[in-house]
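Structural characterization, general
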Amino acid sequence: MNSENGKARRGWINRVPWRMVAIAAAFVVVGIGAGTLLANVVEKQVEGEQFPAKLVDIGELEVDPEVWGLNFPRQYDSYLRTQIDGNATTYGGSAPFSKLDAKPFLRTAWAGYGFSLDYNEDRGHYYSQIDQARSGRTNELELPGTCINCHTGEFVQLIDERGWEGINTTPYNDLREHVGDLGVTCADCHDPDTMQLRLTRPALINALTAQGIDWTEASRQEMRTYVCAQCHVEYYFQGETKELVFPWSLGTSVEAIEQHYDEYGFQDWEHEITGAPMIKIQHPEFEMFTSSTHFAAGVACADCHMPYVREGGVKVSDHWVRSPLDNLNNACQSCHRASEEELETRILTIQGRTKDLMESVEDGLGDAIEAIAAAMEAGVPDENLVEARAFHRAAQLRWDFVDAENSMGFHNPQEAVRVLGHAADLARQAELSAVKALAAHEG
Ligand code: HEC
Ligand code: HEC
Ligand code: HEC
Ligand code: HEC
Ligand code: HEC
């Protein structure tokens, strides 16, 4: 298949839902009335299966997935599979490993910051509180309760008890004593009364409101992305209240995010080796994805990560949220006419190219860090290193935008390459600026 060939590509995508066409044609033949009846019956059956006899009333503050599971056993069963470990893919998957050991450059990049203590490959939603509580970052540092926003399935209860500010201002390790091990769960994404998708996290609601978006008016397809954007986004803690904020006041591109931080005068930490005022980017999946070809075509996170599966003639959403490489037939073949091998190759080709460019940016960043360190050691005064440090900040923020994004470029291949291209250039400018400052200093 050749992506430059429009015809071949169109053929590859199932633009026309032929099954629907066949059903519609059948309706025309049997007459509209009978058709409507049939549609009703089918819908009732599907509803009956998806919302089987309501065995229990789910309370407003019920967070236990087992209780929700009494009414929705299919979704509960697949949700439980997020416990399954060990499915490693080339760049992701659910087999946890130390990313710091896999790529020692990360310790240099984040020198002096928590991420250089402990940083692992992510795994299933079941573990989101367990892994946070175990992390060297929460054990060795005093972090605010803000961290728990995206990591506990008890969130709706916590906010009811303490209010949002109460959560954010309590130290994480104190909150930890009050919550169990429950990870991402039903109540985070669903209204217990109607089972509609909902948003429970104030930070996303605030960030959308600031952009004039009222999520309660969002379409169903938009909600299939927004529920994930409660957590899979870049964030920071603002001011004394440690409020959780998404830096989207100017937009969600890497440049808009950088400008937001520059205007706010924010730094996550001072780089231990270069003294630069750094920003650490975390999991900007939503930001990267929403400028992609897939998003423009109306595809949502849930289409690939929670695809429909047929169980005994019923269509249900697969709640085993995981790498699509583990599940290519459901995740991609509903839209793409291509073999699993072909789809896998497409993904791995994009990821391999991203990784290749990313590594050359890392070489550039490494050289920049060394050059600034050499200038500092030779006694170049701070005021002559302001420019080099600003370039270091800008270059690394861009590299991190792609590194911290968990698809190794797949969510938006062109954007990943564009951002890395700028990062490479800025890293070399940082190096050059430091080399010049050193030369000027030494006469
Ligand atoms: C068109 C399909 C598609 C869409 C839509 C999509 N993803 Fe992905 N996602 C992928 C693929 C493919 C990977 C790479 C998996 C791998 O390397 O194992 C991935 C990787 C990930 C990972 C890392 C998985 C792992 O195994 O570590 C996360 C987290 C993720 N996506 C979240 C999201 C979120 C959140 C959205 C929406 C904002 C989204 N994805 C939209 C296909 C998709
Ligand atoms: C806006 C939501 C959000 C907030 C706030 C948040 N996280 Fe996370 N965290 C995530 C998501 C999404 C992942 C999975 C993707 C990834 O690992 O990049 C994750 C993964 C993790 C992991 C597992 C992977 C790793 O990094 O080793 C740890 C540990 C973790 N977070 C700790 C923390 C700590 C500590 C804080 C507070 C400083 C925090 N998180 C705040 C959303 C959040
Ligand atoms: C309440 C916060 C939250 C929400 C909502 C959320 N995630 Fe996550 N997600 C996390 C955290 C935290 C992790 C990492 C857990 C760990 O490593 O312990 C994670 C991990 C993942 C992974 C990696 C799984 C693996 O096996 O490697 C994928 C893929 C993913 N999320 C996709 C999604 C998608 C798609 C949505 C929306 C349908 C979504 N998430 C909604 C917080 C969230
Ligand atoms: C990370 C968010 C998230 C979590 C957590 C989650 N769901 Fe869902 N759920 C979804 C999405 C997305 C859909 C698809 C909704 C749509 O297309 O309108 C869905 C659909 C459903 C449906 C409608 C039928 C179907 O399968 O499409 C039921 C019932 C359901 N979920 C039950 C549960 C239960 C029970 C739990 C907890 C064990 C749970 N969900 C946890 C996101 C989530
Ligand atoms: C809900 C439908 C849908 C799903 C699911 C889906 N795609 Fe797509 N995909 C599209 C559409 C539509 C386009 C855009 C075609 C165009 O405009 O030329 C596209 C474009 C692409 C492209 C070319 C653009 C790019 O971003 O590089 C690749 C590669 C691709 N898809 C791979 C995949 C893979 C792999 C999966 C499964 C992980 C997947 N898609 C899942 C509908 C889908």
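Residue indices begin from 1 for each chain and proceed along its sequence in written order. By the order in which they are written, chains take letters starting at A while ligands take numbers starting at 1. Per-residue local features of the predicted model are confined to residues with pLDDT of at least 70, and side-chain atom pairs are confined, for both listing and counting, to 80 or more; whole-chain, interface and lining totals are unaffected and use all residues. Values reported for side chains reflect all heavy atoms of the structure, with hydrogen atoms and water molecules removed beforehand.

1. Points about the coordination of the iron atom of ligand 4
Sites may look incomplete because water is not among the atoms; the donors themselves are N, O and S atoms within 2.8 Å of the metal, or within 3.2 Å for Na, K and Ca. At 2.0 Å from the iron atom of ligand 4 lie its protein donor atoms, namely His-190 (NE2) and His-319 (NE2). In this scheme the shape depends on donor count and angles: four donors with every angle between 85 and 135 degrees give tetrahedral, four or six donors with opposite pairs above 155 degrees and others between 65 and 115 give square planar or octahedral in turn, and any other case is irregular. For the iron atom of ligand 4, the six donor atoms in the first shell make angles of 87 to 180 degrees at the metal, a pattern classed as octahedral. Taken together, the residues span a long stretch of sequence, with His-190 in the loop between α12 (186-189) and α13 (202-210) and His-319 in the loop between β6 (314-317) and α19 (328-331) at a distance of 129 residues. Relative accessibility under 20% of the residue-type maximum defines a buried residue, over 50% an exposed one, and the middle range a partly exposed one, all with a 1.4 Å probe and only protein chains included. Looking at His-319, the relative accessible area reads 19%, which means it is buried. Helix and strand assignments follow DSSP, with helices taken as H or I runs no shorter than four residues and strands as E runs no shorter than two, numbered in order from the N terminus.

2. Concerning the site of ligand 3
The immediate surroundings of ligand 3 are formed by 23 residues, with Ser-94, His-125, Cys-228, Cys-231 and His-232 found nearest. Between N or O atoms, a polar contact is any pair within 3.5 Å; within protein, one atom must be a potential hydrogen donor and the other a potential acceptor, and residues adjacent in sequence are included only when both atoms are from side chains. Asp-122 is positioned with one of its side-chain polar atoms (N or O) 3.3 Å from an oxygen atom of ligand 3. Here Asp-131 contributes a side-chain N or O atom positioned 2.6 Å from an oxygen atom of ligand 3. At the level of secondary structure, the elements contributing two or more residues to the shell around ligand 3 comprise α8 (128-134), α14 (220-229) and α18 (301-305). Among the residues forming the shell around ligand 3, the class breakdown is nine nonpolar, nine polar and five charged. Working definition: residue near molecule or strand if any one of its non-hydrogen atoms lies within 4 Å of it. Residue classes follow a fixed rule: Ala, Val, Leu, Ile, Met, Phe, Trp, Tyr, Cys and Pro count as nonpolar, while Asp, Glu, Lys and Arg count as charged, and any other residue, Gly among them, counts as polar.

3. Looking at the packing of aromatic side chains
In this scheme Phe, Tyr and Trp rings, the latter by its six-membered ring, pair at centre separations within 6.5 Å, and the angle between planes marks the pair as stacked below 30 degrees, edge-to-face above 60, and tilted otherwise. Summed over the entire model, instances satisfying the criterion amount to 18 aromatic pairs. Ring centres of Phe-115 and Tyr-119 lie 5.5 Å apart, and the angle between their planes is 70 degrees; on these two criteria the pair is classed as edge-to-face. Tyr-119 carries the same exposure label as Phe-115, and that label is buried. Following the ring pairs from residue to residue traces out a cluster consisting of Phe-105, Trp-110, Tyr-113, Phe-115, Tyr-119, Trp-269 and Trp-399.

4. Let's talk about the coordination of the iron atom of ligand 2
Octahedral metals with six donors have ideal donor angles of 90 or 180 degrees. Tetrahedral metals with four donors have an ideal donor angle of 109.5 degrees. What the protein offers the iron atom of ligand 2 as a donor is a single atom, His-151 (NE2), at 2.1 Å. Tracing the backbone shows His-151 in the loop between α9 (136-140) and α10 (155-169).

5. Quick word on the nonpolar core
Counting 39 residues, the largest nonpolar core has Trp-110, Leu-365, Trp-399, Phe-401 and Val-402 as its most contacted members. Residue assignment for this core shows that the elements contributing at least two residues are α7 (105-109), α15 (254-264), α20 (340-377), α21 (386-403) and α22 (413-441). Contact definition: two residues touch when any of their heavy atoms are within 4.5 Å. Once residues within four sequence positions are removed from consideration, Leu-365 is found in contact with Phe-105, His-392, Ala-395, Gln-396, Trp-399 and Ala-427. Buried residues of nine kinds, namely Ala, Val, Leu, Ile, Met, Phe, Trp, Tyr and Cys, make up a nonpolar core once their side-chain atoms join them within 4.5 Å. Listed in part, the 26 residues of the second largest apolar core include Val-179, Leu-199, Ala-203 and Met-223.

6. As for the pairing of strand β5 (residues 308-311)
Consecutive side chains of a regular strand alternate in pointing toward one face of the sheet and then the other. For β5 and β6, the ladder comprises four bridges, and the chain directions are antiparallel. Among the inter-strand pairings, Arg-310 is bridged to a residue of β6, identified as Lys-315. Only strands that DSSP links by at least two bridges are regarded as paired with each other. Between β5 and β6, which follow one another and run antiparallel, lie two residues, and Gly-312 among them has a positive phi close to 55 degrees.

7. Structural notes on the side chain of His-271
By the element assignment, His-271 lies in the loop between β3 (269-270) and β4 (277-278). Looking at His-271, the relative accessible area reads 1%, which means it is buried. Engagement of the side chain of His-271 in a polar contact is seen with the backbone oxygen of Thr-108, the distance being 2.9 Å. Separated by 3.2 Å, the side chain of His-271 and the backbone nitrogen of Ile-273 make a polar contact. Each residue touching His-271, except ones within four places of it in the same chain, is listed here: Thr-108, Ala-109, Trp-110, Ala-111, Ala-276, Met-278, Ile-369 and His-392.

8. Topic: the site of ligand 1
With respect to spatial proximity, 25 residues lie near ligand 1, and among them Thr-89, Cys-301, Cys-304, His-305 and His-411 are the closest. Between His-411 and ligand 1, the recorded distance is 2.8 Å, taken from a side-chain N or O atom to a nitrogen atom. Across the shell around ligand 1, the residue classes break down as eleven nonpolar, eleven polar and three charged.

9. Some details on the pattern of salt bridges
Here, a salt bridge means any Lys or Arg side-chain nitrogen found within 4 Å of an Asp or Glu carboxyl oxygen. Counted under the stated rule, the structure contains 24 salt bridges. Where Asp-57 meets Lys-54, a salt bridge forms, and the shortest distance between an N and an O atom there is 3.7 Å. Residue Asp-57 is classed as exposed on the basis of its relative accessible area of 67%. Residue class for Lys-54 comes out exposed when judged on its relative accessible area of 54%. With a shortest N-O distance of 3.7 Å, Arg-198 and Glu-60 are connected by a salt bridge. Separated by 138 residues along the polypeptide, Arg-198 in the loop between α12 and α13 and Glu-60 in the loop between α3 (32-50) and α4 (65-71) bring together distant segments of the chain. Under the relative-accessibility criterion, Glu-60 is labelled exposed at 52%. Salt bridges here are not isolated pairs; linked through shared partners, they connect Asp-85, Arg-123, Asp-131 and Arg-134.

10. Thoughts on the environment of Ala-395
For Ala-395, the position within the fold is in helix α21. With a relative accessible area of 0%, Ala-395 lands in the buried category. Distance in space between the C-alpha atoms of Ala-395 and Leu-365 is 7.5 Å, their sequence separation being 30 residues.

11. Some thoughts on the confidence of the model for the protein
Taken residue by residue, the protein gives an average pLDDT of 90. The fraction at 70 or more is 88%. Predictor confidence is given residue by residue as pLDDT, running from a minimum of 0 to a maximum of 100. When the criterion is pLDDT under 50, residues 1-48 qualifies, and its contacts beyond four places in sequence or with other chains add up to 30 contacts.

12. Thoughts on α14
Burial in α14 covers these residues: Met-223, Arg-224, Thr-225, Tyr-226, Val-227 and Ala-229. Taken together, the buried residues of α14 touch α12, α13, α16 (285-289), α18 and β5.

13. Some words on the side chain of Asp-318
Assignment of secondary structure puts Asp-318 in the loop between β6 and α19. A distance of 2.9 Å separates the side chain of Asp-318 from the backbone nitrogen of Trp-320, its partner in a polar contact. A polar contact of 3.1 Å, which involves the side chain of Asp-318, links it to the side chain of Arg-322. Not counting residues within four places of it along the chain, the set of residues in contact with Asp-318 comprises Ser-78, His-305, Met-306, Pro-307, Val-309 and Asn-327.

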